[in-house]
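# Fold and geometry: a report
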Amino acid sequence: MLQATVLLASTPHSVPGYLIAPFALLIGLIATGPIFFPHFWHKYFKTISVGLGLLVLAYYLFVLQDTHLPAETLAEYASFAILLSSLYIAAGGIYINANANATPLINVGILIFGAIIANVIGTTGASLLLIRPFIRLNNHRIKPYQIVFFIFIVSNAGGMLTPLGDPPLFIGFLKGVPFFWTLQHLFTPWAIAVGALCLIFFVLDSRNKEGFTPKAEVKAKIEAKTEFFFTGKRNLLWLSVIIGATFLNPASFDWLPYIPLEGGIKVSFVRELVQLTAALLCFKFASRTALNGNHFSFDPIMEVVFLFFGIFFTMMPALQLSAELASSPEFAAKLTPTVFYWVTGSLSGVLDNAPTYANFLSLGMAKYHLNYADTAQVHDFAYGLAQSPETLLVLEAISVGAVLFGAMTYIGNGPNFMVKAIAEQAGVKMPPFFQYMFKYSVVYLLPVLALIWLIVIR
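These figures come from a predicted structure and were not determined experimentally.

Let's shift gears to unusual backbone geometry. Here Q65, not a glycine, exhibits a phi torsion of approximately 55°, which is positive. As for its placement among the helices and strands, Q65 is situated in the loop between helix 3 (38–63) and helix 4 (68–92). Of note, H295 is a non-glycine position whose phi angle comes to about 50°, a positive value. By secondary structure assignment, the location of H295 is in the loop between helix 13 (288–293) and helix 14 (299–326).

Structure below.
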């Protein structure tokens, strides 16, 4: 996800509409399989996901005779899978536990802390570091809504203040958006999103009386013995190496070796080798106490890796067709910050938000006759210095939409599915795909997105 495909310019081949059927089928199975035929789905989901991905890949290679887009998609998937797997292994060797009685206020504090550190170690790193301690702290009263709001806040909304926070913003940084632009221009939507979601969570959590210990007993327990157990400190070093390696992009550093692709695309492999090496060393020397305390296994990450293989490759036609629609003169004439916000966001909820961001940034610049490949023009676009001051608001709309709407579904952002898998491994009965959307995203997240549109974008 660190290297986005700009489909508007890179794929001249025409894609038939029926080619989105494998993507729709895979999403439908992800949504319905665990509910209606769980035994079959859990046994065969790897085969189904990989098979559908290879089916679309074969169509591109042998029917469309397009090798460019599949090669870029494979590079993006490899970067995504290696980064997520490396962070998962590093975080799995860090065990955090507190002898405390979880209260709504403590839980909100954890969510705010996660939203802050997500801007330093990324939403994926923050999610994997905190989700297990969050579940343990609430083990006497854990409910699905707590995990869902963790996904809303820590896995998505939190990472809006720096390019390190979320892959779409990192794409913008690599293309020429200044590093501190996000902190300067996205702080208000970040504060609204995190603040509003934490307030809603606090109200919901205050109603969750299950497992509450009377105040007198809590006070006596804390006064008698207060413990904070933390082991696996060495993994923090490996975690910093893995995160730091994300900057090793050959598009930014000419001295880095790379794999050349058509169109001047530089495919990274040094970054991935560093991350894989750090992950292997991290696992080899990890604290057994930490791994056992976290009940570490590779099952959750393997589920994500296999499912997203299918998602990445079946998603290619959907991304390409949406880019063709967006670049049509009829659609381009209607582009406003509001349209950019809702369309970028809506697509980011069901497609990978990094290439969605890249495509709409390219489209937004094209509207003002600017070149997406020119970092100086991207810089001017970000500050409203090129053609029209409205370009600043356009970039804000694209950035906020890509980051926040990634929480609308499990597949909108990589950490979402990872957190879900870890929670289910811990015994939390997570809502299925559509229930997550209609019971939580639409009810709680969508009004916050509308509020941000009214205050910031409109």
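This paragraph deals with the packing of helix 19 (residues 390–404) against helix 21 (residues 433–457). At their nearest, the axes of helix 19 and helix 21 sit 12 Å apart, and the two run at 170° to each other. As judged from the angle between their axes, helix 19 and helix 21 are roughly antiparallel. From helix 19, L393, E396, A397, V400 and L404 reach across to helix 21, where they touch L445, L449, I452, V456 and I457. Looking at the contact of helix 19 with helix 21, its residues break down into nine nonpolar, no polar and one charged.

Right, let's get into the environment of T103. Relative to the assigned elements, T103 resides in the loop between strand 1 (95–98) and helix 5 (104–137). Judged by relative accessible area, T103 falls into the partly exposed class, the value being 26%. C-alpha separation for the pair T103 and A81, spaced 22 residues apart in sequence, amounts to 35 Å.

Before going further, it helps to examine the packing of aromatic side chains. A complete count under the given rule lists 39 aromatic pairs for this structure. Aromatic pair F149 and F201: ring centres 5.9 Å apart, planes at 55°, arrangement tilted. Of this pair, F149 sits in helix 6 (residues 144–153) while F201 sits in helix 9 (residues 187–206), and the two are 52 residues apart along the sequence. The same class applies to F149 as to F201, namely buried. Plain terms: the ring middles of F253 and W255 are 5.8 Å apart, the flat faces sit at 50° to each other, and that makes the pair tilted. The class of W255 is exposed, set by a relative accessible area of 62%. Cation over ring: K420 sits above Y410, and NZ or CZ is 5.3 Å from the ring centre. Note that R458 overlies the ring of W453, its terminal NZ or CZ placed 5.6 Å from the centroid.

A few words now on the pattern of salt bridges. Evaluation of the coordinates by the stated rule reveals four salt bridges. Two residues, R141 and D205, come together in a salt bridge whose shortest N-O distance is 3.3 Å. Pair noted here: R141 is in the loop between helix 5 and helix 6 and D205 is in helix 9, with a separation of 64 residues, a long-range link. R141 sits in the buried class, given a relative accessible area of 0%. Overall, D205 belongs to the buried group, its relative accessible area being 0%. Close ionic contact of E424 with K420 constitutes a salt bridge, the shortest N to O distance being 3.0 Å. One end of the pair, E424, and the other, K420, are both in helix 20 (residues 414–425), four residues apart, so they sit about a helical turn from each other. Given the relative accessible area of 9%, K420 is considered buried.

Rules behind the numbers
- Residues numbered from 1 in each chain as written.
- Predicted model: local features only at pLDDT ≥ 70, side-chain atom pairs only at ≥ 80, totals over all residues.
- Heavy atoms only, no water.
- Helix = DSSP H or I, 4+ residues; strand = E, 2+ residues; numbered from the N terminus.
- Axes fitted to C-alpha atoms, helices over the stretch in contact; angles between N-to-C directions.
- Parallel < 35°, antiparallel > 145°, perpendicular 65-115°, else oblique.
- Contact = heavy atoms within 4.5 Å.
- Nonpolar A, V, L, I, M, F, W, Y, C, P; charged D, E, K, R; others polar.
- Buried < 20%, exposed > 50% of the residue type's maximum accessible area, 1.4 Å probe, protein only.
- Phe/Tyr/Trp six-rings, centres within 6.5 Å; stacked < 30°, edge-to-face > 60°.
- Lys NZ or Arg CZ within 6 Å of the ring centre and 35° of its normal.
- Salt bridge = Lys/Arg side-chain N within 4 Å of Asp/Glu carboxyl O.

Distances and angles like these do not, on their own, reveal function.
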